[in-house]
Amino acid sequence: MPLSEHEQRMLEQMERALYAEDPKFATALEGSGLRTYTRRRVYQAVAGFLVGIALLMAGMVAQIIWISVVGFLVMLGCAVLAVTGWRKAPRPGAAPQRGGGLHMPRRRGMMDRIEQRWQRRRDEQGH
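These figures come from a predicted structure and were not determined experimentally. Sequence order as written defines residue numbering, which begins from 1 separately in each chain. Only residues with pLDDT of at least 70 are given local features in this predicted model, and only at 80 or more are side-chain atom pairs given and counted; all residues enter the totals for whole chains, interfaces and linings. No hydrogens and no water enter the side-chain calculation; it runs on all heavy atoms of the structure.

K.L.:
For this particular structure, what's the right way to read the overall build of the chain?
P.N.:
Runs of H or I in DSSP of at least four residues are treated as helices and runs of E of at least two as strands, each being numbered from the N terminus. In terms of regular secondary structure, the chain is built from 4 helices and 0 strands. When the helices and strands of the chain are placed in sequence order, the string is α-α-α-α. When a residue's accessible area, from a 1.4 Å probe over protein chains only, is under 20% of the maximum for its type it is buried; when over 50% it is exposed; and in between it is partly exposed. With 127 residues in all, the chain has 17% of them scored as buried. Note on definitions: a residue-residue contact is assigned when non-hydrogen atoms from the two residues lie within 4.5 Å. Look at the contacts in the chain between residues 6 or more apart in sequence, and 62% of them connect residues 24 or more apart. Accessible surface, the chain as shown: approximately 10,400 Å² in total, 63% of it carbon and sulfur. Each accessible area is a Shrake-Rupley estimate made with a 1.4 Å probe; only the visible protein chains count as cover when residues are assessed.

This is how it looks when you write it as structure tokens:
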């Protein structure tokens, strides 16, 4: 459930206060958790990829096609997870995101514009 505008403003005010009070601590909080999570996700994906290779090879040696197919699908899925996790990982020492970075950054795009239009319509109707 997305935060309301009031809650978003309150969160941004708290983030600004935290940055003003202790910028080192705020910067440490900002990236370390997400960086650790994405790194762990990439490592798990690499381990899964190796399991997929083992399944693929075992299926070929045993001449059981479905095991090879499962191994290939595991490899494919883990490769996708590793690549997406690697791309989403913040760079060490990267500058903080505008608008505060302690929460997950929202992607701007078509869905955000649709959400804004929906909110405008609700506001115009007095809901």
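Structure's up, so let's keep going.
K.L.:
How do you make sense of the UniProt feature "transmembrane region" (unreviewed entry) in the chain when you look at a structure like this?
P.N.:
Listed under "transmembrane region" (unreviewed entry) in the UniProt record, and renumbered for this structure, are residues 42-58 and 64-83. Taken as a whole, residues 42-58 contains 100% helix and 0% strand, while its terminal C-alpha atoms sit 24 Å from one another. Across residues 64-83, the secondary structure splits into 95% helix and 0% strand, with the terminal C-alpha atoms separated by 29 Å. UniProt positions are given in the numbering used here, feature names are shortened, and annotations may be inferred rather than shown by experiment.

K.L.:
Honestly, the pattern of salt bridges in this entry has me stumped. Any pointers?
P.N.:
Pairing between side chains of opposite charge can happen when the charged atoms of each approach one another. A pairing counts as a salt bridge when a side-chain nitrogen of Lys or Arg comes within 4 Å of a carboxyl oxygen of Asp or Glu. Under the definition given, this model contains 1 salt bridge. For E5, the salt bridge goes to R9, with nearest N and O atoms at 3.9 Å. Linking E5 with R9, this pair stays in helix α1 (residues 5-21), spanning 4 residues, or about one helical turn. Take E5: its relative accessible area is 51%, and that puts it in the exposed class.

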